[in-house]
Structure formats: structure tokens, C-alpha cells
Amino acid sequence: MLSRIVFVSAGALKGSGSFGAGLVHASRSLHTSSQSLAPVPPLPEKGGKVRHGIIPEEYFQLLYPKTGVTGPYMLGAGLIMYLLSKEIYVINHETFAAASIGTIIIYAVKKYGSSFAAFADNLNEEKVATAQEVKDLAISSLTKAIADEKKEQWRAEGKGMLFDAKRNNVAMLLEINRRERLHMVSNEVKRRLDYQIALQNLNRQLEQEHMVNWVEKNVISSITPQQEKASIAKCITDLKALAKATQAKATA
Amino acid sequence: MADRPVPVVEKQLMDVKLGQLGNWLGGRDFTPNGILNAIRRGHDRYYNKYINVKKGGIGGVAMLLAGYVVLSYIWEYDHIKHDRWRKYH
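Residues numbered from 1 in each chain as written. Chains lettered and ligands numbered in written order. Predicted model: local features only at pLDDT ≥ 70, side-chain atom pairs only at ≥ 80, totals over all residues. Heavy atoms only, no water.

Draft legend 1. Representation of the overall build of chain B within the structure. Counting its secondary structure elements, chain B contains 4 helices and 0 strands. Its helices and strands in sequence order give chain B the pattern α-α-α-α, from N to C terminus. By the burial criterion, 21% of the 89 residues in chain B qualify as buried. Of the roughly 7,100 Å² of accessible surface on chain B, a fraction of 62% belongs to carbon and sulfur atoms. (Helix = DSSP H or I, 4+ residues; strand = E, 2+ residues; numbered from the N terminus. Buried < 20%, exposed > 50% of the residue type's maximum accessible area, 1.4 Å probe, protein only. Areas by Shrake-Rupley, 256 points an atom, 1.4 Å probe, with all protein chains shown as cover.)

Draft legend 2. Region of the structure containing the overall build of chain A. Broken down by element type, chain A carries 6 helices and 2 strands. Relative to its full complement of 252 residues, chain A shows a buried share of 10%. For chain A, the accessible area works out to roughly 21,300 Å², and carbon and sulfur atoms hold 67% of it.

Draft legend 3. Region of interest: the UniProt feature "transmembrane region" (unreviewed entry) in chain B. Per the UniProt annotation, the sites labelled "transmembrane region" (unreviewed entry) are residues 56-75 of chain B. Secondary structure across residues 56-75 of chain B divides into 85% helix and 0% strand, with the first and last C-alpha atoms of the span separated by 30 Å. (UniProt positions renumbered as here; feature names shortened; annotations may be inferred.)

Draft legend 4. A look at the confidence of the model for chain A. Residue and element names in this part refer to chain A. With 85% of its residues at a pLDDT of 70 or more, chain A has an overall mean of 85. The lowest-confidence element of chain A is helix H2 (residues 17-30), averaging 46 in pLDDT; the highest-confidence one is helix H5 (residues 93-222), averaging 93. Note that residues 10-27 has pLDDT below 50 and, in this model, 15 contacts with residues that lie over four places away or in other chains. (pLDDT = per-residue confidence, 0-100. Contact = heavy atoms within 4.5 Å.)

Draft legend 5. The interface of chain A and chain B, seen in detail. Contacts between the two partners involve 36 residues from chain A, matched on the other side by 31 residues from chain B. Summing both sides of the interface, chain A and chain B together bury roughly 3,200 Å²; the carbon and sulfur share of this comes to 58%. On inspection of chain A and its partner chain B, the count reaches 2 salt bridges. We note a salt bridge from B:Lys55 to A:Asp121, for which the minimum N-O separation is 3.1 Å. (Buried area = accessible area lost by both parts, 1.4 Å probe. Salt bridge = Lys/Arg side-chain N within 4 Å of Asp/Glu carboxyl O.)

Draft legend 6. Focus on a nonpolar patch on the surface. All names here are of chain A. A contiguous nonpolar patch, built from Leu75, Leu79, Tyr82, Leu83 and Ile88 and spanning about 420 Å² of accessible area, is present on the exposed surface. Within the secondary structure layout, Leu75 lies in helix H4 (residues 71-85). Owing to a relative accessible area of 41%, Leu75 belongs among the partly exposed residues under this scheme. (Patch = residues over 30% accessible without salt bridge, like charges linked within 9 Å, V, L, I, M, F, W, Y side chains within 5 Å.)

Draft legend 7. Inspection of the side chain of A:Glu57 at higher detail. Take A:Glu57: it is sitting in helix H3 (residues 57-67). Not counting residues within four places of it along the chain, the set of residues in contact with A:Glu57 comprises A:Lys49, A:Val50 and A:Arg51.

Structural data, given as C-alpha cells:
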């Protein structure tokens, strides 16, 4: 569980710069296949097994086929006896100090090991959670950007309809203009023709009047004065006769 | 598992047969660069196996400390020899 703090602090110290590079080199030297870095494989859950804190499990597995379960312990005990009896390991004041410190360390590890491990795990969890949040935020913002983009594409399709409507408008305006001009043309032509007609009418009228005047003038000038007296006398006698006729009618 | 034959110097130490040990030692890279590479490889193997995991135990660091204790005892042995209780063993 100390290794967890080591890992946390090492990670905080140097980032994963040199360790990550070393990791790549280690993997490239152990495997012959070509590996890519992404996605990074997850960390293994547990480390290599270690028995009694300082002896790796491989030692026990090495001796198991030949000597069974007690073999490694027998080997360990025999080695310790040899070292003590030949005084390759000398018992002096340091032995006592080492024993005391060892006892305290083992007691502390056994008593507070799990709680300390939980605390270190919490720290790691928080780090992973913040990184995960960043990743989730990035993913959500990117998906939202994708949705917005699709919406914009849909909107862009609508522009086709807009252009069709505008084209129709322009065609209508052109049509209107054409028809206006046709009307104007026909109106102008009609006006000119009407003018010609009026002109001809006027001409005929003038000619007619002039002829009538001229005939009248000739007739009047041809009436001699004595014809005039005779006609006036006849008119008077006619009038008298008429007056008599009406008087008779009125009294009857 | 018999893929293309690997030259003996490239094998890992556990795969080298006893008779080939001389060849293997002769072919290894003992330049300073090679030694540094070997140290780096060893460090990476230990680190990735015992420390760079989600739930490491005390074994990862305890083994390093125990190894340091043993190594320092070996370095001080010539001085500790004088504290022996008996002269003849």
C-alpha cells in the first residue's frame, strides 16, 4: 500500500514523461509485435503477489513441484540457521534495533494498512473522476456540435426552396412588366388611330359645313327681291288661314 | 511454439541453456549505453509489475527496502566482522 503512495507521488512529480517512455521501451523490448499507444491499455488491478511482504510468490512456485508447500520455509529456516551459526550474520546492537523497528513497522502495517490503502484509493479515484469529467464534457460538447451541424445542414437545404420562391417572384415581375408594355403599346396605337379618325371626321365636317354654307349663300343670293315679296305675302295668307282654322277648332 | 529460430544472445536469461551461458554473456551489450538500457529495462519490469498497478500492496516498496538493508549489510560486513561472538565457527 506504500506503493500506492509512491505511484501517486511519482505520477505527480514527473507526470508520465520518462515512465511512459520507459514503458514504451519496455514493451517494445519484451514483445516483437508492433504496438500502438492508443487506446492506452488499463492498469492491471493487482501487482505481483508477494508473500509475507518481502518474498515474491514466484520463489514459492519455483520450489513447489519438488518440495511441496513447506519446502521454501525449510530452505529459509536452513539458510537463517547457517547464517547465524557461521556468524555471517552477526548479532550485535543493530540486531536489537532492527527487531524493534521491524516489530513497530509490522504492527503499523497490519493495523492501519487497509485504511491507508482506502485513503490512497480515494485520491486516485478523485483524479480519475476529474479526468473522466473532462472527457465526458468534451464528448458531450462534441456531440452537441455534431447535432448543431446537422441542423445547419438541414437549414441549408431549405435555402433551395427560398431560391425557388425568389425565382418565381422575379418571373412574375418580368411577366407583369411585359404585359404593362403590351398594354402601353396597344394604348398608344389606339390613340394614334383615334387621332386619325378624328382628323378625318373633322375634315369631312368642315367640308360639309362649308358646302352647306356655300349652297345656302348661293341660294339666298339667287332669291330675287320680288320672289321674296311674293313668298312673304303667301306666308302671311297661310298664317291667316291657319289662325282661322285654329280659332274655329278652339270654339268647336 | 517453434517460430523462427532466435539467436542465443537475444534470449532472456531464463531461456538460455547452461552450456550456452558463455555465448550469451559474450554477446551481451556491456557498453555504458547498454548497461544503462539494461538498468532501465530492469527498472521498468519491476515498476510495471509491483508499483504501476491500481491496488498495489506493501510488497512493491518493502522488497526494495529489504534489498537495500541486505545490500548495506553486505557493504558493511568487513566492519561488522569485528563484532563476532566467537572466533572459530
